Amino acid sequence: MSVYRVGCRWGKKQEAINAREILDVFLKLGIVFVGDEYCRDNFKNTVMPDDILLINSGLKVKAIGIVKSEGFALSDFDISDIDEDDLISASYPDFDFYEAQSFSNGCKVCIYKLKEKDYLPIARGSTFSNCYQYSEQNIMNLISIYSGEKDMLNKIKNYTGILRTKKNIILQGAPGTGKTYITASLAVSLINPAFKDFDDHQKVMAEYNKFLIDIDDEQGEIVSGQIGFVTFHQSLDYEEFIEGLKPSLVNNNVTYKIEDGIFKLLANKAKYKKNNNFSEAYEVLIEQLEKVRDEKPNEPYIKLQTSKRKKNFAIGLNSNDNLSLLTGKDYKPQGVLTRESLSKLASEGTTYKYWLGYYEGVVQYLNNHCGYSETNVDNPNYILIIDEINRGNISKIFGELITLIEADKREDIDSKNPDQHTISVTLPYSKEKFTVPSNLYIIGTMNTTDRSVGNLDYAIRRRFSFITVESERAVIQGYYQNNEDLLNLSLTWFDNVYKLIETKSSHDLNMSDLMIGHSYFMAKDSKELEYKLIYEIIPLIKEYAKDGLINLSTEEQENNYIENIIRTRLPHNSDNSEVEIDNSIIADSDDE
């Protein structure tokens with residue numbers, strides 16, 4: 001593997017002062033080409049697959065590429081399936097690709113465009129030449145960072161697509177693999193499709209925190225935000241998650257009121273809203289009721305019918321501008337239909353179930369006689385993140401609603417899917433009709449090494465898509481950009497832990513489910529890394545042994561066997577499969 005510099009400015013020698021970058025064309029086509037008459041043949045005959053290209057503009061390296069083919073004449077490059085716009089440079093509009101084809105040579109390249117803060121200074125040189133200014137290791141470390149970020153962007157894109165289709169996913173994996181961070185990225189991706197900085201942890205979390213829900217406990221509703229977070233545990237139940245009766249002290253007397261849990265709050269907030277002129281129509285109704293009261297003081301009400309059963313009832317106006325409900329043949333007072341509940345029914349389609357017919361009858365009257373109208377509006381996405389989902393008793397927590405979360409059982413007024421079969425249930429305490437809207441997404445996390453709780457049963461599993469989040473060596477490489485010593489130490493320990501678990505695994509789980517997460521090997525200094533080894537990594541491996549995930553004898557767990565294996569200094573290697581551990585240590589321990 002060789003390292004070369006290659007320029008991305010275009011122009012003849014005498015026009016060099018006006019030359020412009022065509023890096024954008026390189027990126028769009030996935031190739032690099034050279035037109036300089038003194039370099040192009042050397043470029044074609046020299047570059048080989050796996051060589052590294054430092055793509056510079058003037059004295060700055062703005063991209064790094066890994067060569068994927070031998071050199072070729074640009075005239076042989078097939079552009080029949082390429083969009084015409086990809087041949088045009090936004091930064092140098094005068095660039096003519098077809099002209100360049102007639103004399104340039106190129107090669108296929110996997111290109112990583114650097115952020116401005118990562119631009120590398122480079123000495124003056126020809127358009128194409130060897131570069132000895134940077135070591136292969138430094139360049140490969142930078143490539144690892146950018147390839148990891150590119151992989152993460154692709155993962156977020158793919159995971160978001162799965163979530164949009166399935167509605168419910170579970171991210172599973174060993175501790176420290178970044179499941180919680182990915183949930184934040186997915187939530188942001190669904191809420192703000194324009195957000196692209198998923199490689200910037202601080203920006204992702206800032207955007208995530210911006211959309212966290214704020215609940216007004218007194219009103220029992222979400223006042224802002226679109227992301228809810230809850231951790232499942234064995235004590236959590238339906239009454240806390242969906243709805244339940246909660247005691248309160250009023251005038252030294254204990255009373256009970258229905259309190260909505262986080263799932264119901266989010267579902268109701270996500271339900272399809274409608275733009276309407278309810279306030280104006282209700283004012284018209286008040287004027288009509290006031291007129292009736294003045295003209296017919298003995299019968300100060302308007303007679304209506306329920307929406308479906310056509311049952312007669314009447315409404316009057318009370319002192320709070322709410323509606324008095326009168327029923328029966330004699331139209332006797334029965335209760336109050338509040339303006340707030342009518343507005344909620346008009347915009348959200350929910351209200352008190354037992355009087356739903358009366359409420360709907362009033363809305364129908366508003367529509368027919370008060371100029372009421374409504375239009376659907378675009379509804380934002382809402383997300384519920386359930387951490388440690390396998391630690392809760394799912395059947396006890398979701399109850400009958402487990403069926404409603406399936407994609408084809410949800411409420412979706414815009415769906416043209418013939419297989420969409422919305423299911424609703426009547427909630428046990430409020431007696432409200434309840435559905436799960438299609439714009440409420442559920443993201444769960446699950447620790448695959450946790451044997452203290454049972455596995456999710458099939459009824460739960462078939463309602464979720466499962467995505468395994470693995471421990472990634474490249475993330476460690478990307479973390480230590482400016483500390484090669486700490487990088488090599490962390491990678492050595494990572495490789496040793498991988499090989500130890502692989503060698504001692506009981507083989508009922510894949511390594512993707514077992515390998516300790518990369519975050520355990522990321523520290524700001526050697527002291528913190530040492531603490532992580534002694535107080536986090538080694539105890540976790542011992543827990544693996546106690547749970548039967550790896551086979552270690554009692555003696556091996558008690559002496560320094562684990563620590564000695566991890567601390568073994570090995571040649572730096574980027575491939576776990578080639579890392580070798582001192583097998584004599586393992587063999588001696590097995591013999592004992």
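The shown structure was predicted, so the numbers you read here are calculated from the model rather than taken from an experiment.

### Let's talk about the overall build of the protein chain
Within the protein chain, the regular secondary structure consists of 20 helices and 27 strands. Taking 592 residues into account, the globule formula puts the C-alpha radius of gyration at 25 Å, and the protein chain, at 33 Å, lies well above it. Overall, the C-alpha framework of the protein chain stretches about 105 × 75 × 40 Å when taken along its three principal axes. Here the protein chain, with 592 residues, has 48% of them falling under the buried criterion. Contacts in the protein chain between residues at least 24 apart in sequence constitute 69% of all its contacts with a sequence separation of at least 6. As displayed, the protein chain has an accessible area near 29,900 Å², and 45% of this comes from carbon and sulfur atoms. Across the protein chain, the 67 positively charged side chains and the 91 negatively charged ones have centroids separated by 7 Å.

### Looking at the confidence of the model for the protein chain
Scored by pLDDT, the protein chain has a mean of 85; 91% of the residues are at 70 or more. Across residues 570-592 the pLDDT falls below 50, and counting only partners more than four positions away or on other chains, this stretch makes 37 contacts in the model.

### Observations concerning the packing of helix 9 (residues 278-295) against helix 11 (residues 356-369)
Where helix 9 contacts helix 11, the two axes come as close as 10 Å, and the packing angle between them is 90°. Here helix 11 runs roughly perpendicular to helix 9, going by the angle between their axes. Contacts between helix 9 and helix 11 involve Phe 278, Ala 281, Tyr 282, Val 284, Leu 285 and Gln 288 from the former and Val 362, Tyr 365, Leu 366 and His 369 from the latter.

### Some details on a negative patch on the surface
A contiguous patch of negative charge on the surface is contributed by Glu 287, Glu 290, Asp 294, Glu 295 and Asp 321. Residue position: Glu 295 is located in helix 9. For Glu 295, a relative accessible area of 54% corresponds to the exposed category.

### Brief notes about the side chain of Gln 477
If you trace the backbone, Gln 477 turns up in helix 14 (residues 473-479). Excluding residues that lie within four positions of it along the chain, Gln 477 makes contacts with Asn 141, Ser 144, Ile 145, Leu 487 and Leu 491.

### Thoughts on the packing of helix 15 (residues 484-504) against helix 17 (residues 526-546)
For the pair helix 15 and helix 17, the least separation of the axes is 12 Å and the interaxial angle reads 5°. As far as their axial angle goes, helix 17 and helix 15 are roughly parallel. Contacts from Leu 486, Leu 489, Ser 490, Trp 493, Val 497, Leu 500 and Ile 501 in helix 15 reach Ser 526, Leu 529, Glu 530, Leu 533, Ile 537, Ile 541 and Tyr 544 in helix 17. Considering only residue class, the contact of helix 15 with helix 17 consists of eleven nonpolar, two polar and one charged.

### What to know about the nonpolar core
Core analysis: the biggest nonpolar cluster contains 37 residues, and Ile 516, Phe 521 and Ile 541 have the highest contact counts within it. Of all the secondary-structure elements, those providing two or more residues to this core are helix 15, helix 16 (511-514), helix 17 and helix 19 (561-567). Not counting the four nearest positions on each side in its chain, Ile 516 is found in contact with Pro 175, Ser 471, Phe 494, Val 497, Ile 501, Phe 521, Ile 537, Leu 540, Ile 541 and Tyr 544. Within the second largest apolar cluster, 35 residues are counted, among which are Val 230, Leu 236, Ile 242 and Ile 262.

### Things to note about the sheet that holds strand 27 (residues 465-468)
The strand order 14-23-26-11-27 describes an open sheet built from five strands, whose pairing is parallel. On the outer flanks of this sheet lie strand 14 (227-231) and strand 27, each paired with one strand and no other. Going from strand to strand, the sheet's axes swing by 20° on average, the running direction of each strand aside. Relative to strand 26 (residues 440-447), strand 11 (residues 168-173) runs parallel, the two being bridged by six bridges. Bridging across to strand 26, Ile 169 finds its partner in Ile 443. Relative to strand 23 (residues 382-387), helix 8 (residues 262-270) is tilted by about 165°, and along the sheet it contacts strand 14, strand 23 and strand 26.

Each value, and the rule that gives it
- In every chain, residue numbers begin from 1 and rise along the written sequence.
- At least 70 in pLDDT is required for a residue's local features to be given in this predicted model, at least 80 for side-chain atom pairs to be given and counted, and no such filter applies to totals for whole chains, interfaces and linings, which use all residues.
- The side-chain numbers reported here are obtained from all heavy atoms of the structure, hydrogens and water having been left aside.
- Only DSSP runs of H or I with at least four residues qualify as helices, and only runs of E with at least two residues qualify as strands; both kinds are numbered from the N terminus onward.
- Every radius of gyration here is taken over C-alpha atoms, with the globule rule written as 2.2 Å times N^0.38, N being the number of residues.
- Between buried and exposed lies partly exposed: a residue is buried under 20% and exposed over 50% of the maximum accessible area for its type, with that area taken using a 1.4 Å probe on protein chains only.
- Should any heavy atoms of two residues lie within 4.5 Å, those residues are counted as being in contact.
- Residue-level accessible areas treat just the shown protein chains as cover; the underlying method is Shrake-Rupley with a 1.4 Å probe.
- None of His or the chain ends enter the tally, which takes Lys and Arg as positive and Asp and Glu as negative.
- The atoms used to mark charge sites are NZ of Lys, CZ of Arg, CG of Asp and CD of Glu.
- Note: pLDDT gives the predictor's confidence per residue, expressed from 0 to 100.
- To get an axis, a line is fitted to the C-alpha atoms, and for a helix only the part in contact is used. The angle between two axes follows their N-to-C directions and goes from 0 to 180 degrees.
- In what follows, roughly perpendicular refers to angles from 65 to 115 degrees, roughly parallel to angles under 35, roughly antiparallel to angles over 145, and oblique to any angle outside these ranges.
- Without a salt bridge and with relative accessible area above 30%, a residue can belong to a patch; like charges are then joined within 9 Å and nonpolar side chains (Val, Leu, Ile, Met, Phe, Trp, Tyr) within 5 Å.
- We define a salt bridge as a side-chain nitrogen of Lys or Arg found within 4 Å of a carboxyl oxygen belonging to Asp or Glu.
- In this count, Pro and Cys sit with the nonpolar residues alongside Ala, Val, Leu, Ile, Met, Phe, Trp and Tyr, while Asp, Glu, Lys and Arg are called charged and the others, Gly among them, polar.
- What makes a nonpolar core is a set of buried Ala, Val, Leu, Ile, Met, Phe, Trp, Tyr and Cys residues whose side-chain atoms join them at distances within 4.5 Å.
- At least two DSSP bridges between two strands are required for those strands to pair.

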